[in-house]
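So you can see what is in the structure, the chains are spelled out below.
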Amino acid sequence: MSEIMVLLLVVLIAVAAVTRETFVLVLGYLLVGTYLFGRWWSHHSLKSVKISRVFTDHVFPGETIPVEIELANRSWLPVIWLGIRDLHPVYLSEIRSFKQVTSLSSRRKQVLNYHLKATRRGLYSLGPMTIETGDLFGWIDQVQSEFPAEYLTVYPKIIPLRNPNLPSTSPMGSLRYRQPMFEDPSRPVGKRDYQPGDPLKRVDWKSSASSARLQVKVFEPSIDLEVSLFLNMNSAEYHGKSRFDGPELAVVTAASLASWAVGNRQSVGLVTNGLDQLKVGEDIQPVQPHKGQAHLMRMLEALARVKSSAEGTQPIIEMIRRYRHTLGWGTTLVAITGSADEDLMRELLLTRKFGLNPFLIVCGWYVEVNIPVQRGKAYGVPIRIFHSEDDLKVWQL
Amino acid sequence: VTASSPAPLSTIDQSRNLTRIVLRLLSIAMLVIFGIGLSIFFGQVFQLSFAGFIPWVILVASIEALVTYARGQQIEGRERQLFRLSEVVTLAFILRVVLLLAQNFTSIQAELAAMQTGFLGTFFSGKFILLFLLGLFSWWTTAYYADLYDQFHERELDVLWDALGLVHNTLKQIRNRMLGVSVSLLSVLVMCMALASATFSIPGVLDIKAILKTPTWLVTVFGVLLLVQLSLTQFALLRSRWEIDRSKVSPGVPRQWLLSGLILLGVICVVAALLPTEYSMSFFEMVVWLAGIIAQIAQLIISILYLPLFFIFSLFSKQPPQDLPPMPGLEPPKLTPPAGVPLVLPPFLYILRDLLFFGGLIFIIGFGIYQYFSSNSELLKRLRAFPFFSWIARLFHELAGLFRAANQSIQLQIKRLQASGIHLPRIKGGPGRTSPTPTDPREKIIHLYTILVDYAGQHGIQRNHSETPTQYEQKLSARVPAAQTEVTDLTNVFIQARYSPRIMDEFSAKRFSDEIGAVKKTLDDLEEKNNNQQKANE
């Protein structure tokens, strides 16, 4: 189309230049003016529109995420039409993109809304958003610009736990324990009559004087639990039929344990061989054991981003060998994986000799029960088998 | 996904129907304006008294075509042809009756009497035939427009099931056909207006003086209507794209489109009306003046070049020296201001203004031609095949070949001179050799090798462009056998640096530099030895 008009313009202007006819010149001005102004207006509109995407970038599964696209026309000229296309992953919505055509008056703002649903953990990119506009007459093709993608982190699901009974050999912590060998002198719970063998330093002299019998203080046993979660995201080490659900269940287990530990003011750390969705080809950096809610959020963020893979990830045995030296004495090493083979059991047994407390959790729908349990007994490593998220409820009792 | 303000489906349908109605009205308006232009043309050029009827005939024929178009589409085959024939006959009859009634009573009586004696000759008078043909033309054009609009509308509805590309291409084709008709009408209108305001004088045959100034509004309004048609069809194209793309369209978009379009056209019309249209020089006068300036400058340069020769020859002449040839002067062009417009500013300002105007025009024309040919490469190919252009292209090709041959010949002579031991002065600052000393080892090695080749070239060992580094190594080694090891090593390192991805370190670059120094020294020694030997021989 524009070729016809350009040719007409050329002819008109040539005729005008030769004949000096006023009407031809005016017509030429009109057509040239609309062409040049229309062309300039399109580019100007695109430059003068300020776009921002507003949304909560960290959410938990099941939450609905309202996304607002704020458009602001900073120019005195209106934007005749503006086509917006914002892409998002299929896990967040049934429709893979948000598409709307709108117009903006001069110096006006407009907010477009759409909603996404966080169905599963992960790191998702919203965008890139394509913005396009054009002129009134079709002189030129549509002009486009791109608004960069932004990331949305969906944390893994957390199942609230009550008592996972993780082993510990660190006495005197903030965690109540049943075995009396870890009595904590800072937690007196009562008094009893003296028995032969009780150390004299436990005698409560005031009570003894008032009761005319020797009384000793009774302390509540407590332990300090420092947990390091070793999460295996090498899908090749899961059962053949559990290569997708197994690692996901392992992530949920790790997140739930981390949440429980932080909730009980214990230190928790994370080591995983999974790949980082944010940095392609790189592993998730280990998270050193710490306490506190902020630390938990950091761990959850890492668990949201971690990706399982059959290739490019080191086996869990290598991971344990590499990082067990960095753990403090008495740390509970929780290995969350998809199988309990002899090599792994031997490695966990070895960690015990390093002064750590190994604990094995095997995840996956198709995991056999008997063999891992027997191996656990044989090697003296406590073991838990989870087929689904429902199995985690045993720790809610 | 849910949008905040989705457009109800009926809005698109309403917008579509409205577009169709407005487009039909536009076509009638364009034809009426075209008719007014024709009436001015026939009234001015052929002095036809009944020219004022033309717009009315066109209006009536267009409305009739539009009203009966839907009925005509409903019927098929023979019945349709008969329906169309009856329309034509009715139109002819009504036109004849109107022409009859438009006269005074005496003329009506005379014409009725003439019809009784010779019906056909009187009925089909020249006046009637012209008006009838124009009426038929407008009737056909309106029907064609209506058909295109209907096709456009139907193809727009196909977006619900057809592929986007297919629908879009078809819509664009239909739109181009519409524009083709409109642009043709505009072109004819412009031609007619230009002819109507021109002065014709063929002695004894035709003598028409331009007494009427063509109304500018006529062509401007037609142009505006054409732009409105463009805008509406562009919106329809976009609308179909949005619909097939399942995009939500805000209800404000059509309103904004309409408002912005009207404001834009209004502003452009005002600006176009305010821009200057009267110029002191015509385009050709300006071109001739510019060509004159160039010729005068050339003459001036030739005169300056001629002066030394003139003085030298005057020294050998026994006759007294003649006066110097006159220096050419630059004269401003003659201004021909429009009638009744006195020149109030200095003439150079008018010239400057006209230069700017025509410069802008030439730029726009050039830009338009560039745009046109860049989007029509096939046309360019055909144009190249045209004998005149192919001859021009061949001429330029031959000239380029001539210059190339001359350049090669000069280069050959330079090489011969250099080979014979004459050192030509090197022009410093040549491209590619003056870059600052590179810091990267790889670049440093390549740079040093280039210096070596230059240095050896100055010592009579030139490297041909076709020679590979290995070939040049053999040549250099043969001439400088004392530095054969260094030359081989230098060539190998250069090949690695230039053609392999191997990482070059500073140590290699340093070693390379040292070896270059050694080869240079050997070259200098060789040259000194040759000079001494030459002196001894002398």
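See above for the structure.
Residues numbered from 1 in each chain as written. Chains lettered and ligands numbered in written order. Predicted model: local features only at pLDDT ≥ 70, side-chain atom pairs only at ≥ 80, totals over all residues. Heavy atoms only, no water.

## A word on the overall build of chain B
Piece 1. When helices and strands are counted, chain B shows 17 helices and 3 strands.
Piece 2. If you take every contact in chain B between residues at least 6 apart in sequence, the share linking residues at least 24 apart comes to 70%.
Piece 3. For chain B, the accessible area works out to roughly 32500 Å², and carbon and sulfur atoms hold 66% of it. (Helix = DSSP H or I, 4+ residues; strand = E, 2+ residues; numbered from the N terminus. Contact = heavy atoms within 4.5 Å. Areas by Shrake-Rupley, 256 points an atom, 1.4 Å probe, with all protein chains shown as cover.)

## Notes on helix α7 (residues 342-353) of chain A
Piece 1. For α7 of chain A, which comprises 12 residues, the first-to-last C-alpha distance of 17 Å matches the rise-based estimate of 16 Å (1.5 Å per residue) to within 8%.
Piece 2. Looking one or two residues past α7 of chain A, glycine 355 of chain A carries a phi angle of roughly 90 degrees, positive in sign. (Expected span 1.5 Å × (residues − 1).)

## Quick look at the pattern of salt bridges
Piece 1. Under the defined criterion, the tally for this structure stands at 30 salt bridges over all chains.
Piece 2. Put simply, aspartate 150 of chain B and arginine 20 of chain B hold a salt bridge, and the shortest N to O gap is 3.2 Å. Here aspartate 150 of chain B is found in helix α6 (residues 126-157), whereas its partner arginine 20 of chain B is found in helix α1 (residues 9-45), with 130 residues between them in sequence.
Piece 3. Look at aspartate 150 of chain B and you get buried, because its relative accessible area is 14%.
Piece 4. Note on arginine 20 of chain B: relative accessible area 27%, which makes it partly exposed.
Piece 5. Arginine 24 of chain B is the partner of aspartate 150 of chain B in a salt bridge, and the nearest nitrogen-oxygen pair spans 2.6 Å. Taken together, the positions of aspartate 150 of chain B in helix α6 and arginine 24 of chain B in helix α1 put the pair 126 residues apart, joining distant regions of the chain. Accessibility assignment for this pair places aspartate 150 of chain B and arginine 24 of chain B in one class, buried.
Piece 6. One network of salt bridges, with partners in common, ties together Glu318, Arg321, Arg324 and Glu347 of chain A. (Salt bridge = Lys/Arg side-chain N within 4 Å of Asp/Glu carboxyl O. Buried < 20%, exposed > 50% of the residue type's maximum accessible area, 1.4 Å probe, protein only.)

## A look at the sheet that holds strand β7 (residues 122-126) of chain A
Residues and elements named next belong to chain A.
Piece 1. Taken together, 3 strands build an open sheet; the order of strands is β2-β10-β7 and the sheet is mixed. Of all the strands in the sheet, just β2 (58-59) and β7 have a single pairing partner and so form its edges.
Piece 2. With 5 bridges connecting them, β7 and strand β10 (residues 150-154) associate as antiparallel partners. Directly across from leucine 126, in β10, lies its bridge partner glutamate 150. (Pairing = 2+ DSSP bridges.)

## Some points on the packing of aromatic side chains
Piece 1. Here the structure, examined in full by the defined rule, presents 24 aromatic pairs over all chains.
Piece 2. Through pairs of rings, three or more aromatic residues link up here, namely Trp81 of chain A together with Phe235, Trp242 and Trp257 of chain B.
Piece 3. Stacked on the ring of tryptophan 76 of chain A, the Lys or Arg arginine 107 of chain A has its end atom at 4.9 Å from the ring centre. (Phe/Tyr/Trp six-rings, centres within 6.5 Å; stacked < 30°, edge-to-face > 60°. Lys NZ or Arg CZ within 6 Å of the ring centre and 35° of its normal.)

## A closer look at the pairing of strand β15 (residues 267-272) of chain A
Residue and element names in this part refer to chain A.
Piece 1. The buried count for β15 comes to 6 of 6 residues, which makes it a mostly enclosed element.
Piece 2. Pairing between strand β14 (residues 226-231) and β15: 6 bridges, direction parallel. Looking at the pairing, leucine 229 lines up with leucine 270 of β15.
Piece 3. Viewed along the sheet, the connection from β14 through helix α4 (residues 245-263) into β15 turns out right-handed.
Piece 4. Pairing between β15 and strand β17 (residues 287-290): 2 bridges, direction antiparallel. Looking at β17, one finds that leucine 270 is bridged to valine 287. (Right-handed = clockwise from strand over helix to strand, strands pointing away.)

## Details of the packing of helix α15 (residues 469-479) of chain B against helix α16 (residues 484-499) of chain B
Residue and element names in this part refer to chain B.
Piece 1. Packing of α15 against α16 leaves a shortest axis separation of 10 Å and a crossing angle of 165 degrees. In terms of axis orientation, α15 runs roughly antiparallel to α16. Read as a crossing pair, α15 and α16 show a hand that is right-handed. Across from Pro469, Thr470, Glu473, Leu476 and Ser477 in α15, the residues of α16 making contact are Gln484, Val487, Thr488, Thr491, Phe494, Ile495 and Tyr499. (Axes fitted to C-alpha atoms, helices over the stretch in contact; angles between N-to-C directions. Parallel < 35°, antiparallel > 145°, perpendicular 65-115°, else oblique. Left-handed = near helix turned anticlockwise from the far one by under 90°.)

## Points about the packing of helix α2 (residues 22-48) of chain A against helix α8 (residues 216-244) of chain B
Piece 1. Running from amino to carboxyl end, α2 of chain A crosses α8 of chain B at an angle of 25 degrees, the nearest separation of the two axes being 8 Å. Classed by the angle they form, the pair α2 of chain A and α8 of chain B counts as roughly parallel. Viewed along their axes, α2 of chain A and α8 of chain B form a crossing whose handedness is right-handed. Two secondary-structure elements touch here, α2 of chain A through Thr22, Phe23, Val26, Leu27, Leu30, Leu31 and Thr34 of chain A and α8 of chain B through Thr216, Val219, Thr220, Gly223, Val224 and Leu227 of chain B.
Piece 2. For the contact of α2 of chain A with α8 of chain B, the class distribution of residues is 8 nonpolar, 5 polar and no charged. (Nonpolar A, V, L, I, M, F, W, Y, C, P; charged D, E, K, R; others polar.)

## Quick look at the pairing of strand β21 (residues 383-386) of chain A
Residues and elements named next belong to chain A.
Piece 1. In this sheet, β21 lies alongside strand β20 (residues 357-363) in parallel orientation, the contact comprising 4 bridges. The residue bridging isoleucine 361 from the neighbouring strand is arginine 384, located in β21.
Piece 2. Once you follow β20 into helix α8 (residues 370-379) and on to β21, the crossover reads as right-handed.

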